[in-house]
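Examination of the molecular architecture
Here is what each chain is made of, one letter per residue.
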Amino acid sequence: MTNIVLFGPPGAGKGTQAEVLKEKYQLIHLSTGDMFRYNMKNNTELGALAKTYTEKGHLVPDSVTNEMLKEEVNRQLKSNPKGFLFDGYPRTKDQARVLTAFMTEKGTEVAAMVALEVDDEVLVGRLLERGKSSGRADDANEEVIRERIAEYYRKTDILKEYYQGEDKYYGVNGVGSVEEITERLSAVFDKL
Ligand code: B4P
């Protein structure tokens, strides 16, 4: 299996690119953000818990996120996938450690972290634009959007070093048209 972590700050375009790349490379796309939104929409207990964090722009606690992710990976493994495309996970050092151990337990590994690099002001602009139509509480106002970006620098950005330490980090310029960025990402994916 080839497992890739698609990385970047909120609004970098991880979800947008994952939709294209999962088809192109036949990978199972796992977005923890989508999983939380599905649970919120369906009013599950997990959704109610996640909402209290996401609407403030904060990360959902690691224990909750890790268990949800593992459960989904276990379910998907039954179909013998070619690999996973992790989108929005891991987002903390604890999540990265859990993912490394979990992949080892499954006899596989994370091949690479591919990161979309985008300036903060571009991120704020994109998310405010999406907020006009998405109905997402976390896109609704600039204060929450800036808090999500601050949370990224507090807890997530450090993961670059974690994967650089394993020689698995690839940075890609995330500014340009969606197609241009897909081409840049594909150049990295083709090597993996
Ligand atoms: P996510 O769903 O992962 O949300 P995101 O960071 O906003 O998305 P992404 O980077 O995928 O951006 P997108 O393609 O949509 O997380 C939401 C929340 O869930 C988190 O804040 C957190 O609370 C919680 N959560 C999720 N995972 C967690 C974890 N592991 N641990 C704890 N909590 C977790 O693109 C954004 C916008 O930009 C779109 O409108 C898109 O159309 C636009 N866009 C994309 N590419 C563009 C381009 N090239 N040019 C112009 N616009 C572009």
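Residues numbered from 1 in each chain as written. Predicted model: local features only at pLDDT ≥ 70, side-chain atom pairs only at ≥ 80, totals over all residues. Heavy atoms only, no water.

1. Here we look at the site of the ligand
Quick note on the threshold: The cutoff for a nearby residue is simple: one of its non-hydrogen atoms must lie within 4 Å of the molecule or strand. For this analysis, a polar contact is any N or O atom pair within 3.5 Å, provided that within protein one partner can donate a hydrogen and the other can accept it, and provided that sequence-adjacent residues contribute only side-chain to side-chain pairs. Every accessible area reported is derived by Shrake-Rupley at a probe size of 1.4 Å, with residue values counting cover from the shown protein chains alone. Only DSSP runs of H or I reaching four residues or more are called helices, and only runs of E reaching two or more are called strands; each is numbered from the N terminus. Basically, the charged four are Asp, Glu, Lys and Arg, the nonpolar ten are Ala, Val, Leu, Ile, Met, Phe, Trp, Tyr, Cys and Pro, and anything else, Gly included, counts as polar.
Taken together, 30 residues form the shell around the ligand, and within it Gly 15, Thr 32, His 58, Arg 130 and Arg 148 come nearest. One of the backbone nitrogen or oxygen atoms of Gly 15 is found 2.7 Å away from an oxygen atom of the ligand. Take Thr 32: an N or O atom from its side chain is 2.7 Å from a nitrogen atom of the ligand. Starting from 1000 Å² of accessible surface for the ligand in isolation, the protein chains cover 86%. Those elements that place two or more of their residues in the shell around the ligand are α1 (14-25), α2 (32-41), α6 (120-134) and α9 (178-189). With four residues, α2 is the single largest residue contributor to the shell around the ligand. Broken down by class, the residue content of the shell around the ligand amounts to 10 nonpolar, 12 polar and eight charged.

2. Let's talk about the packing of α2 against helix α4 (residues 62-77)
The test is simple: In this analysis, axes come from line fits to C-alpha atoms, helices being fitted only over the stretch in contact, and the angle between any two N-to-C directions falls in the range 0 to 180 degrees. Throughout, the term roughly parallel applies to angles under 35 degrees, roughly antiparallel to angles over 145, roughly perpendicular to angles from 65 to 115, and oblique to all others. Pairs of residues are marked as contacts when any of their non-hydrogen atoms sit within 4.5 Å.
The N-to-C vectors of α2 and α4 enclose an angle of 100°; their axes lie 11 Å apart at closest approach. With respect to α4, the element α2 is oriented roughly perpendicular. Here Thr 32, Met 35 and Phe 36 of α2 lie close against α4, whose contacting residues are Thr 65, Met 68, Leu 69 and Glu 72. Residue composition of the contact of α2 with α4, by class: four nonpolar, two polar and one charged.

3. Some details on the packing of aromatic side chains
Applied cut-off: Under the pairing criterion, centres of Phe, Tyr and Trp rings, with the six-membered ring standing for Trp, must be within 6.5 Å; the plane angle then separates stacked pairs below 30 degrees from edge-to-face pairs above 60, leaving the rest tilted. Buried residues are those whose accessible area, probed at 1.4 Å on protein chains only, stays under 20% of the maximum for their type, while exposed residues exceed 50% and partly exposed ones sit between those limits.
Tallied over the entire structure, the rule returns five aromatic pairs. When the centroid spacing of 6.0 Å and the interplanar angle of 45° are considered together, the rings of Phe 7 and Tyr 152 count as tilted. Of the two residues, Phe 7 sits in strand β1 (residues 3-7) while Tyr 152 sits in helix α7 (residues 142-156), which places them 145 residues apart along the sequence. The residues Phe 7 and Tyr 152 share a single accessibility class, namely buried. An angle of 50° between the planes, with centres 5.2 Å apart, marks the rings of Tyr 25 and Phe 189 as tilted. In this pair, Tyr 25 sits in helix α1 while Phe 189 sits in helix α9, placing the two residues 164 residues apart along the sequence.

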